[in-house]
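Fold and contact review
What follows is the residue order along each chain.
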Amino acid sequence: MHVELKERLLAHSQSDCWENAKEEWYFDNVFYAEEGVPCLCTDYPIKHVCVIGNCENADTKFICRSCANEVLEADIAEEIFSSVEKLKEDITKSMTSRVLEYMMFKGLVSGFEFEFYSNVMDKQDILEGQMNSKKIINQKLIDFTTYETFSTFSKIRSILLWASGNKRYRTNFVESIKRAGERNGLFSKKQIQNIDEIYMKDVVE
Ligand SMILES: [Zn+2]
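All chains use their own residue numbering, which begins from 1 and follows the written sequence. Only residues with pLDDT of 70 or above have their local features reported here, since the model is predicted, and side-chain atom pairs are shown and tallied only from 80 upward, although totals for entire chains, interfaces and linings are computed over all residues. Values reported for side chains reflect all heavy atoms of the structure, with hydrogen atoms and water molecules removed beforehand.

A few words now on the nonpolar core. Ranked by internal contacts, the top residues of the largest apolar core, which has 61 residues, are Leu5, Leu9, Phe27, Ile63, Ile80, Met95 and Leu141. With residues up to four places along the chain from it excluded, the contact list for Leu141 reads Ile80, Ser83, Val84, Leu87, Met95, Val99 and Met103. In this description, a nonpolar core means a group of buried Ala, Val, Leu, Ile, Met, Phe, Trp, Tyr and Cys residues linked to one another through side-chain atoms lying within 4.5 Å. Buried, partly exposed and exposed residues are distinguished by accessible area as a fraction of the type maximum, computed with a 1.4 Å probe on protein chains only: under 20%, between the cut-offs, and over 50%, respectively. A contact between two residues is defined here by any heavy atoms of the two lying within 4.5 Å.

Here it is as structure tokens:
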């Protein structure tokens, strides 16, 4: 499985030597696919999906968690899955500090939320209000890793990419939805509908 991934990934890289090609790929995010989606490394659909991006050609690919860990050494993917699974069982628990840093990097938590969470994550007894704020941040991580959120962010990326070649297209509205998605970890029904409509009307033709 891992040998195949190297070969297949190489075919989508700029460099034709694995040692260099490997450096082109960065870990982007993870999501849960209830139906299972095709990935680059096995011939079977996977449900725990890791999204990787290529910084040379802006390509994105899906790979399984074990390939992310062992081939690309992106062990953060596994850590996100474990945190999400722990929080789905008990929303009062804590994600790890690396996962919290990842959320900050993705714009899902503000500097203030980051400080707050870091201060309460190891404490047993916290105030009710603090627990509520902590649960909101935990829920954001769970929501961010759903297929629906992933798919809406992907459509936004395609719209913005398409718009960069159409200078007269105004992207303010799409960008405001993107920021809301980053802030909340998910999109409202209305926002998903808006993005779907713009995507179908402008990008898919
Ligand atoms: Zn794999």
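We are not done yet, so read on.
Okay, the sheet that holds strand β3 (residues 60-64) next. Across the sheet, which stays open at both edges, the three strands sit in the order β1-β2-β3 with antiparallel pairing between neighbours. The sheet is open, and its two edges are formed by β1 (25-37) and β3, each paired on a single side. Within this sheet the neighbouring strands show an average axis-to-axis angle of 35°, counted without direction. Strand pairing is assigned whenever DSSP detects at least two bridges linking the two strands. Helical segments are the DSSP runs of H or I of at least four residues, strand segments are the runs of E of at least two, and each set is numbered from the N terminus. Here an axis means a line fitted to C-alpha atoms, over the contact stretch when the element is a helix, while the angle between two N-to-C directions is reported on a 0 to 180 degree scale.

Quick look at the side chain of Gln191 now. When you line up the elements, Gln191 lands in helix α10 (residues 189-203). By relative accessible area, Gln191 is classed as buried at 19%.

By the secondary structure assignment, Asn138 is in helix α7 (residues 128-144). On the basis of relative accessibility, which here comes to 0%, the residue Asn138 falls in the buried class. Residue contacts for Asn138: discarding those within four places in its chain leaves Leu87, Ile91, Thr92, Lys93, Met95 and Tyr117.

So, about the domain arrangement of the protein. Delimitation of the domains relies on an automatic or database domain assignment. Domain boundaries in the protein define domain 1 (2-74), domain 2 (92-144) and domain 3 (147-203). Domain 1 and domain 3 are separated by 24 Å when their C-alpha centres are compared.

At their nearest, the axes of helix α8 (residues 147-164) and helix α9 (residues 172-184) sit 11 Å apart, and the two run at 150° to each other. As far as their axial angle goes, α9 and α8 are roughly antiparallel. Read as a crossing pair, α8 and α9 show a hand that is left-handed. Judged by residue contacts, Phe153, Ile156, Ile159 and Leu160 of α8 engage Val174, Glu175, Ile177, Lys178, Gly181 and Glu182 from α9. The class makeup of the residues in the contact of α8 with α9 is six nonpolar, one polar and three charged. If an angle is under 35 degrees, it is roughly parallel; if it is over 145, roughly antiparallel; if it lies from 65 to 115, roughly perpendicular; otherwise it is oblique. By convention, the crossing between two helices is left-handed when the near helix turns anticlockwise from the far helix through less than a right angle, and right-handed when the turn is clockwise. For this classification, the nonpolar set comprises Ala, Val, Leu, Ile, Met, Phe, Trp, Tyr, Cys and Pro, the charged set comprises Asp, Glu, Lys and Arg, and every other residue, Gly included, is treated as polar.

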